[in-house]
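The residues making up each chain are set out below.
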Amino acid sequence: FFFFFFQEEADDYFVIILSDANLGRYNVSPADFGDKLMLDDRVNGFAVFIAEPGAAEWLQNHIPNGKGISCMKPAELPLIFKNILASSVDD
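All values derive from a computational prediction rather than experimental measurement.

Undergrad: Break down unusual backbone geometry for me, with residues and values.
TA: For Asn27, which is not glycine, the phi torsion reads 55° and is therefore positive. Position of Asn27 among the secondary structure elements: in the loop between strand S1 (13-19) and helix H1 (30-37).

Shown next, in the form of structure tokens:
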């Protein structure tokens, strides 16, 4: 369910996935999801889980450190995206 396609060389590559945090509905385990985010070390992969606090935090804790982010209020999305991009510049 994941693949990366590189058409041109670039300084940075990003994949930011927005999810309802209900991975079980799609038969995807948090471990598999996390593995796919780390599939290619050239790619800065992140998952933003928009959900109730319990589900989003549980998934965030099962995704590789720093790659899963909980979002309880959609109005916070612009700041979350800004923080993702800013943190990746420092790497």
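Once the structure has been displayed, the description carries forward.
Undergrad: Which residues make up the pattern of salt bridges, and what values go with them?
TA: A full pass over the atoms with the stated rule returns 2 salt bridges. One salt bridge in this structure joins Arg25 and Asp20, with 3.6 Å as the shortest N-O distance. In this structure, the salt-bridge partner of Asp40 is Arg42, at a minimum N-O distance of 2.8 Å. Taking the relative accessible area as the measure of exposure, Arg42 reaches 41% and is therefore partly exposed.

Undergrad: Describe the side chain of Asp40, listing the residues and the values that go with them.
TA: Structurally, the position occupied by Asp40 is in the loop between H1 and strand S2 (43-50). Accessibility expressed as a relative area gives 15% for Asp40, which makes it buried. A polar atom in the side chain of Asp40 sits 2.8 Å from the side chain of Arg42.

Undergrad: Give me the nonpolar core: which residues, what numbers.
TA: If you look at the biggest cluster of nonpolar residues, it comprises 11 residues: Ile17, Ala21, Leu23, Val28, Phe33, Leu37, Ala47, Phe49, Ala51, Leu59 and Ile63. With 7 residues, the next largest nonpolar core counts Phe46, Val48, Ile69 and Ile84 among its residues.

Undergrad: Run through the pairing of S1, naming residues and quoting values.
TA: Across 7 bridges, the pairing between S1 and S2 is parallel. Directly across from Phe14, in S2, lies its bridge partner Asn44. Where the polypeptide runs from S1 across H1 and back to S2, its parallel neighbour, the crossover connection is right-handed.

Undergrad: Give me the lowdown on the sheet that holds S2, citing residues and values where you can.
TA: Strand order in the open sheet formed by 3 strands is S1-S2-S3, with parallel pairing between adjacent strands. The outermost strands of the open sheet, each flanked by one partner alone, are S1 and strand S3 (68-71). Direction aside, the axes of adjacent strands within the sheet are offset by 20° on average. The strands that H1 touches are S1 and S2; relative to S2, the one it contacts most, it runs at about 145°.

Undergrad: Could you give an account of the packing of aromatic side chains, with specific residues and numbers?
TA: Tallying each qualifying case throughout the model produces 1 aromatic pair. Pairing Phe33 with Phe49 gives two aromatic rings, centres 5.8 Å apart and planes at 45°, and the pair type is tilted. One end of the pair, Phe33, is in helix H1; the other, Phe49, is in strand S2, and 16 residues separate them in sequence. Directly above the ring of Phe46 sits Lys67, whose terminal nitrogen or CZ lies 4.6 Å from the centroid.

Undergrad: Can you lay out the environment of Gly54 for me, pointing to particular residues and giving the numbers?
TA: Turning to its location among the elements, Gly54 is positioned in helix H2 (residues 53-62). Classification of Gly54 by relative accessible area gives partly exposed; the value is 48%. A sequence separation of 33 residues divides Gly54 from Ala21, and the C-alpha atoms of the two residues are 10.0 Å apart.

Definitions and limits used
Residues numbered from 1 in each chain as written. Predicted model: local features only at pLDDT ≥ 70, side-chain atom pairs only at ≥ 80, totals over all residues. Heavy atoms only, no water. Helix = DSSP H or I, 4+ residues; strand = E, 2+ residues; numbered from the N terminus. Salt bridge = Lys/Arg side-chain N within 4 Å of Asp/Glu carboxyl O. Buried < 20%, exposed > 50% of the residue type's maximum accessible area, 1.4 Å probe, protein only. Polar contact = N/O pair within 3.5 Å; in protein donor to acceptor, adjacent residues only side chain to side chain. Core = buried A, V, L, I, M, F, W, Y, C linked by side-chain atoms within 4.5 Å. Pairing = 2+ DSSP bridges. Right-handed = clockwise from strand over helix to strand, strands pointing away. Axes fitted to C-alpha atoms, helices over the stretch in contact; angles between N-to-C directions. Contact = heavy atoms within 4.5 Å. Phe/Tyr/Trp six-rings, centres within 6.5 Å; stacked < 30°, edge-to-face > 60°. Lys NZ or Arg CZ within 6 Å of the ring centre and 35° of its normal.

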